[in-house]
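# Structure assessment
If you want the building blocks of each chain, they are given just below.
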Amino acid sequence: MKAQVVTPELRQWILEQAKAGCRPEDVLASMQASGWDGAVAEQALEDTLSQFLAERAQQAALPPPVPVPGPLLDGAPTQLVLADRTVQVLLTMHNPRVVLFGGFLSDDECEALIEDSRPRMTRSETVVNATGGSEVHGSRTSHGMFFARGETPLCTRIEQRIAELLRWPVINGEGLQVLHYAPGAEYRPHYDYFDPLQPGMASVLQRGGQRVGTLLMYLNTPPRGGATVFPDVALEVAPIKGHALFFSYDRAHAMTKTLHGGAPVVEGDKWVATKWLREGEFR
Ligand code: PD2
Ligand code: ZN
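Below or above, wherever it landed, is the structure these notes cover. (Residues numbered from 1 in each chain as written. Chains lettered and ligands numbered in written order. Predicted model: local features only at pLDDT ≥ 70, side-chain atom pairs only at ≥ 80, totals over all residues. Heavy atoms only, no water.)

### Some details on the overall build of the protein chain
Within the protein chain, the regular secondary structure consists of six helices and 17 strands. When the backbone C-alpha atoms are referred to their principal axes, the protein chain occupies close to 80 × 45 × 35 Å. A burial count over the protein chain gives 43% of its 283 residues as buried. By sequence separation, contacts in the protein chain at least 24 residues apart represent 73% of the contacts at least 6 residues apart. Accessible surface, the protein chain: about 14300 Å² in total, of which carbon and sulfur atoms supply 55%. Of the side-chain charges in the protein chain, 26 are positive and 33 negative, and the distance between the mean point of each set is 4 Å. (Helix = DSSP H or I, 4+ residues; strand = E, 2+ residues; numbered from the N terminus. Buried < 20%, exposed > 50% of the residue type's maximum accessible area, 1.4 Å probe, protein only. Contact = heavy atoms within 4.5 Å. Areas by Shrake-Rupley, 256 points an atom, 1.4 Å probe, with all protein chains shown as cover. Lys, Arg positive; Asp, Glu negative; His and termini not counted. Charge placed at Lys NZ, Arg CZ, Asp CG, Glu CD.)

Rendered as structure tokens:
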């Protein structure tokens, strides 16, 4: 006897019958009436329905997607004219959502951010999941500081530029963070969103909800090393003075493929400024 092949069309038909409320025995009977072997039909029915239920359970376990910031790139512009600056679009990726901009900051702005931050630099810390506090950890060996939102006229100018570029309110942004990596310093791969299942995260999430996007601004060009890497998609972005790297994550889940890190600086040092964007107003 010729083998009977269960095609995607047959699976689709089975699902349609089930969704329309047909009982499995009736679906089986009509398959047999149209020439299907009983055992093959039964197996096809069982496989199709169990696969469908497994997929639905998996989807139900995912956090739902939320709106995220992002530039308007309709028509594939090569540059975006903002109120106070024209920015180049150098690279776009859809999954993960990554966009690299050229000329986002002027040389003067990069240098001023570095100088303004120098007096307040301390060893960078990472969030402690259990408490929501932070501590020094070997996975992050930079030094850094935070500006309050709008702390200086330069912060305000950059924050307004970010809000216009990414179409996201200034008040949803955390204060700018400036980071300094000495030779050998790195930030091992991590997600920028918070794990909502961790006990300490409730207090962190109270201040404006989840992080949904990151803009990483490179303030100098180290001669070697210091790329921002996305291991899930083998992407490495070179740190070039004035460039800004944007990525967004519409849910706190690895499916966003936004695992990323700062590779060790090999020669020279590296300065960056980070802007994290929240779902709601960051207070
Ligand atoms: O400095 C970097 O390249 C880097 C890499 C990954 C910074 C951050 N994450 C961050 O500030 O979140
Ligand atoms: Zn990060």
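### Considerations on the pairing of strand E10 (residues 211-218)
Side chains on a regular strand alternate between the two faces of the sheet. The buried fraction of E10 is high, at eight of eight residues. Judged from the seven bridges that link them, E10 and strand E17 (residues 270-278) form a sheet pairing that is antiparallel. Residue methionine 217 lies in a different strand from E17, and its bridge partner there is alanine 273. In this structure, E10 lies alongside strand E14 (residues 244-248), joined through five bridges in antiparallel fashion. Note that in E14 the partner of glycine 213 across the bridge is serine 248. (Pairing = 2+ DSSP bridges.)

### A word on the sheet that holds strand E12 (residues 228-230)
Strand order in this open sheet of four strands is E9-E15-E12-E13, and the pairing throughout is antiparallel. A single partner strand is all that each edge strand has here, and the edge strands are strand E9 (187-190) and strand E13 (235-237). Mean inter-strand twist for the sheet, computed between neighbouring axes without regard to direction, equals 15°. (Axes fitted to C-alpha atoms, helices over the stretch in contact; angles between N-to-C directions.)

### Quick notes on the nonpolar core
Formed by 33 residues in total, the largest nonpolar core has its most connected members in Phe101, Phe104, Leu113, Ile158, Leu215, Met217 and Leu219. For this core, the secondary structure elements donating two or more residues are strand E2 (86-93), strand E3 (97-102), helix H4 (107-117), helix H5 (153-166), E10, E14 and E17. At six residues, H5 tops the list of elements feeding residues into this core. With sequence-adjacent residues up to four places away left out, phenylalanine 101 is seen in contact with Pro71, Leu80, Val87, Gln88, Leu90, Leu165, Leu166, Leu215, His243, Ala244 and Phe246. Within the second largest apolar cluster, 18 residues are counted, among which are Tyr187, Tyr218, Leu235 and Leu245. (Core = buried A, V, L, I, M, F, W, Y, C linked by side-chain atoms within 4.5 Å.)

### So, the pattern of salt bridges
Under the definition given, this model contains 14 salt bridges. Salt-bridge contacts for glutamate 267 lead to arginine 224; the nearest nitrogen and oxygen are separated by 3.3 Å. Of this pair, glutamate 267 sits in strand E16 (residues 265-267) while arginine 224 sits in strand E11 (residues 224-225), and the two are 43 residues apart along the sequence. According to the relative accessible area criterion, glutamate 267 is partly exposed, its value standing at 39%. Overlapping salt bridges bring together Asp84, Glu109, Arg157 and Arg161 as one network. (Salt bridge = Lys/Arg side-chain N within 4 Å of Asp/Glu carboxyl O.)

### Describing the site of ligand 1
Taken together, 15 residues surround ligand 1, and among them Tyr181, Thr228, His260, Lys270 and Thr274 come closest. Here tyrosine 181 contributes a side-chain N or O atom positioned 2.6 Å from an oxygen atom of ligand 1. Between aspartate 192 and ligand 1, the recorded distance is 3.1 Å, taken from a side-chain N or O atom to an oxygen atom. The protein chains hide 100% of the 310 Å² of surface that ligand 1 would expose on its own. Elements with a contribution of two residues or more to the shell around ligand 1: strand E8 (177-181), E9, strand E15 (260-262) and E17. In terms of residues, the shell around ligand 1 owes the most to one element, E17, which gives four residues. (Near = heavy atom within 4 Å. Polar contact = N/O pair within 3.5 Å; in protein donor to acceptor, adjacent residues only side chain to side chain.)

These figures capture arrangement, not role.
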